Amino acid sequence: MTTTEPTTATAPAPTSGLAENTIDTVAADDLRRRYRRQHVMSRIFVYFAAITAALICAGPFMWSTITAFKLNRDLYNPENNPFILNEPPTLDHIKLLFNDTPFLTFVWNTVWVGLLVVGITLLLGLPAAYSLARLNRPWSTPMAIAIFFVYLVPPSLLFLSLSRVVAGLGLQDSTWSLVLIYPTITIPVAVWLLMGFLKAIPKDIEEQAMVDGHSRVGAFIRTVIPLAFPGIVAVVVFAFVLTASEFIYALAFISPSDAKVISTGVPTELVRGDVFFWQSLQAATVLVAVPIAFVFNFFLERFIAGFTMGAVKG
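Note that the coordinates shown come from a computational prediction; the quantities given were computed from them, not determined experimentally.

Definitions and cut-offs
- Residues numbered from 1 in each chain as written.
- Predicted model: local features only at pLDDT ≥ 70, side-chain atom pairs only at ≥ 80, totals over all residues.
- Heavy atoms only, no water.
- Helix = DSSP H or I, 4+ residues; strand = E, 2+ residues; numbered from the N terminus.
- Buried < 20%, exposed > 50% of the residue type's maximum accessible area, 1.4 Å probe, protein only.
- Contact = heavy atoms within 4.5 Å.
- Salt bridge = Lys/Arg side-chain N within 4 Å of Asp/Glu carboxyl O.
- Phe/Tyr/Trp six-rings, centres within 6.5 Å; stacked < 30°, edge-to-face > 60°.
- Patch = residues over 30% accessible without salt bridge, like charges linked within 9 Å, V, L, I, M, F, W, Y side chains within 5 Å.
- Areas by Shrake-Rupley, 256 points an atom, 1.4 Å probe, with all protein chains shown as cover.
- Axes fitted to C-alpha atoms, helices over the stretch in contact; angles between N-to-C directions.
- Parallel < 35°, antiparallel > 145°, perpendicular 65-115°, else oblique.
- Left-handed = near helix turned anticlockwise from the far one by under 90°.
- pLDDT = per-residue confidence, 0-100.

**Q** Can you walk me through the overall build of the protein chain in this structure?
**A** When helices and strands are tallied, the protein chain shows 15 helices and two strands. With 314 residues in all, the protein chain has 32% of them scored as buried. Considering only intrachain contacts with a sequence separation of at least 6, the fraction spanning at least 24 residues in the protein chain is 73%.

In structure tokens:
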């Protein structure tokens, strides 16, 4: 007898899952495209804002550079565009700066005064900052605050009394008077800045060096100074720029042209009565700003590290 087995009908595969997967894929692709568009638009906005800010910041420097090469009739014609060369450029005003004024003497005086002030600032500021940051004494914090308050005193209140000191030492009309006076401005800020940076360096490093046989001074020189190099760079840049741009003391203490620095020599030589040599003034500005900008950008990362570390830990 033959038996037939019951046959089972195969049900058709459901299509709802496939449709849901397709919908999810389309939605994900749409979301990715929307995110990509938003990312591109945000990047375009960031670059546009950065370029605009850079042009605004560089605007005065670009204007000074263009003005330095302008002819008088180009500069003083109100119908001309001040941001382009409407007439052929000229080097006469740069030649006037070098030939008719002791500009190179001003530069040399500024450089050697700045280097000496930087050296004095580090020589006195580093040990002072280290002692206030490392030696736990009850007078450390009040003295640090008092040192910083010295920097906040306006120079206009001090130059009369300091002029008596300069005259008493026989340094009137000498650039050595600036070497004597400028550290009173740079050392307080250097001490405050270096204190904050030295506090960020673990004490274990120098203690280990002293365990290895070094004195405290030796440990400071061999271990602390290399680690504090970003802060030292910040102090060097700050002290030199402040020295090169200071005006009141340089004007009050020095009269001879051959002893002046850039901050006073350039305006006093190129502003004669009611005559302003604008193109030569702008040329001097550009020639001084470019080297400082290169040096500043070369040490930019260490400069920022020094200032931010001092700001956080100070």
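**Q** Looking at this model, I keep getting lost on the pattern of salt bridges. Mind explaining?
**A** Think of it this way: side chains of opposite charge can pair up when their charged atoms draw near. Taken as a whole and judged by the stated rule, the model has one salt bridge. Across the salt bridge formed by glutamate 87 and arginine 73, the nearest N and O atoms sit 3.7 Å from each other. One end of the pair, glutamate 87, is in the loop between helix H2 (72-75) and helix H3 (92-99); the other, arginine 73, is in helix H2, and 14 residues separate them in sequence. Assessed through its relative accessible area of 56%, arginine 73 is described here as exposed.

**Q** Whenever I open this one, the packing of aromatic side chains confuses me. Can you help?
**A** The geometry of an aromatic ring pair comes down to the distance between the two centres and the angle between the two planes. Per the stated rule, a full pass over the model turns up five aromatic pairs. Relative to phenylalanine 220, the ring of tyrosine 130 has its centre 4.6 Å away and its plane inclined at 50°; by these criteria the two rings are tilted. One end of the pair, tyrosine 130, is in helix H4 (residues 103-134); the other, phenylalanine 220, is in helix H10 (residues 216-227), and 90 residues separate them in sequence. Like phenylalanine 220, tyrosine 130 is buried.

**Q** What's the story with a nonpolar patch on the surface in this structure? I'm lost.
**A** A surface patch of nonpolar side chains, about 460 Å² in accessible area, is lined by Ile145, Phe149, Tyr151, Leu152 and Trp192. You can see tyrosine 151 is positioned in helix H5 (residues 140-152).

**Q** Which parts of the structure should I look at to understand the packing of helix H9 (residues 203-211) against H10?
**A** When two helices pack together, you describe them by how their axes are tilted relative to each other and by the distance separating the axes. H10 packs onto H9 with a crossing angle of 140° between their chain directions and a minimal axis gap of 9 Å. Between H9 and H10, the angle falls in the class oblique. Crossing of H9 over H10 shows right-handed handedness. Only Arg216, Ala219, Thr223, Val224 and Leu227 of H10 make contact with H9, whose side of the interface consists of Ile205, Glu206, Ala209 and Met210.

**Q** Sorry, what's going on with the confidence of the model for the protein chain here?
**A** Low pLDDT means the predicted atomic positions in that stretch should not be read closely. Mean pLDDT over the protein chain: 80, with 87% of residues reaching 70 or higher. Highest mean pLDDT in the protein chain belongs to helix H7 (residues 176-181) (91); lowest belongs to helix H15 (residues 300-313) (54). Note on residues 1-9: pLDDT is under 50 here. Beyond four places in sequence and across chains, it has zero contacts. Note on residues 310-314: pLDDT is under 50 here. Beyond four places in sequence and across chains, it has eight contacts.

**Q** Can you help me understand the environment of leucine 162 in this one?
**A** Its location among the elements puts leucine 162 in helix H6 (residues 159-168). Under the relative-accessibility criterion, leucine 162 is labelled buried at 16%. Separated by 15 residues in sequence, leucine 162 and serine 177 have C-alpha atoms that sit 9.7 Å apart. Residues contacting leucine 162, with those up to four places away along its chain left out, are Ile181, Tyr249 and Phe253.

**Q** What should I look at first to understand the environment of leucine 97 in this one?
**A** With respect to the helices and strands, leucine 97 occurs in helix H3. In this structure the C-alpha to C-alpha distance between leucine 97 and glutamate 269, which are 172 residues apart in sequence, comes to 9.3 Å.

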